Amino acid sequence: SVVIATPTASGKSLAYAVPLLQRLGEKRSSRAIVLFPLKALANDQLAKFRKFPEAAERLAESGAYEGSTLKKLRGMASITVRTLDGDTKESDRAVIKSEKTQLLLTNPDSLHHYLLPGYQSKKFTKTFWQHLELVVVDEAHTCRGGFGSH
């Protein structure tokens, strides 16, 4: 377990994003969840997380790399990233549940209402949970009352 505590906009996300994406690229069966305090932040980070596989794809197709480097780039280029929150379309939820998403960006409410009940109801298969290797909490907050109960 690692805790990184620095000011806003200091690059904390890169501290976990790069090794997380490297791991997911190396092992296609791996799964990861990144928890953000708000769905707006998860959606903002989705665009940033998708840039890594896109860049890896461009580099892999450039012809400048070969061997193990090319293999790593192709692995990273194939990473699938989605958000899961109250606004997620049913078709996207079906893709997530079908085991085609490696990196899931969500928030505590969605974890509580969609993911954890899915463990009991089998909406998220055993495979998802068995291959969940990384859980990142992007920001830690203390909440009171009903909002802080989960």
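Remember, predicted model here, so these are calculated numbers, not experimental data.

Trainee: Can you walk me through the nonpolar core in this structure?
Mentor: Nonpolar side chains tend to gather and get buried jointly when the protein is soluble and globular. Ranked by size, the top nonpolar core spans 22 residues in total, and within it Leu20, Val34, Phe49, Leu103 and Leu105 carry the most contacts. Elements with a minimum of two residues in this core: α1 (12–26), β1 (31–35), α2 (39–61), α3 (67–77) and β3 (103–106). In this structure, Leu105 is in contact with Val34, Phe36, Ala42, Gln45, Leu46, Phe49, Val81, Arg82, Thr83 and Leu84, ignoring residues within four places of it in sequence.

Trainee: Looking at this model, I keep getting lost on the packing of α1 against α2. Mind explaining?
Mentor: Each packed pair of helices is defined by two parameters, the angle between the axes and the distance between the axes. Contact geometry of α1 with α2 gives a least axis separation of 11 Å together with a crossing angle of 45°. With respect to their mutual orientation, α1 and α2 come out oblique. For α1 against α2, the interelement crossing comes out right-handed. Across from Ser13, Leu14, Tyr16, Ala17, Val18 and Leu21 in α1, the residues of α2 making contact are Gln45, Phe49 and Phe52. Considering only residue class, the contact of α1 with α2 consists of seven nonpolar, two polar and no charged.

Trainee: I'm lost on the sheet that holds β1 in this one. Help?
Mentor: Each strand in a sheet pairs with its neighbour through backbone hydrogen bonds, running either in the same direction (parallel) or in the opposite one (antiparallel). Strand order across the open sheet formed by four strands is β2-β3-β1-β4, with parallel pairing between neighbours. Every other strand in the sheet has two partners, leaving β2 (81–83) and β4 (132–137) as the edge strands with one partner each. In this sheet, adjacent strand axes meet at a mean angle of 15° when their direction is disregarded. The sheet contact formed by β1 and β4 spans five bridges and is parallel. Counterpart to Ile33 in the pairing with β4 is Val135.

Trainee: Could you clarify how one ought to interpret α3 in this entry?
Mentor: For an α-helix, the turn length of 3.6 residues means that residues three or four places apart are oriented alike. Within the sequence span of α3, burial applies to Leu70, Leu73, Gly75, Met76 and Ala77. Each element contacted by the buried residues of α3 is listed here: α1 and α2.

Trainee: Teacher, can you tell me more about the pattern of salt bridges here?
Mentor: Side chains that differ in sign of charge can pair as their charged atoms come close. Taken as a whole and assessed by the stated rule, the structure comprises three salt bridges. The partner of Lys48 in a salt bridge is Asp44, with the nearest N and O atoms 3.8 Å apart. Here Asp44 and Lys48 lie together in helix α2, a separation of four residues that amounts to about one turn. The exposure class assigned to Asp44 is partly exposed, which follows from its relative accessible area of 39%.

The rules we used
- Residues numbered from 1 in each chain as written.
- Predicted model: local features only at pLDDT ≥ 70, side-chain atom pairs only at ≥ 80, totals over all residues.
- Heavy atoms only, no water.
- Core = buried A, V, L, I, M, F, W, Y, C linked by side-chain atoms within 4.5 Å.
- Buried < 20%, exposed > 50% of the residue type's maximum accessible area, 1.4 Å probe, protein only.
- Helix = DSSP H or I, 4+ residues; strand = E, 2+ residues; numbered from the N terminus.
- Contact = heavy atoms within 4.5 Å.
- Axes fitted to C-alpha atoms, helices over the stretch in contact; angles between N-to-C directions.
- Parallel < 35°, antiparallel > 145°, perpendicular 65-115°, else oblique.
- Left-handed = near helix turned anticlockwise from the far one by under 90°.
- Nonpolar A, V, L, I, M, F, W, Y, C, P; charged D, E, K, R; others polar.
- Pairing = 2+ DSSP bridges.
- Salt bridge = Lys/Arg side-chain N within 4 Å of Asp/Glu carboxyl O.

Don't take any of this as a statement about function, it's just geometry.
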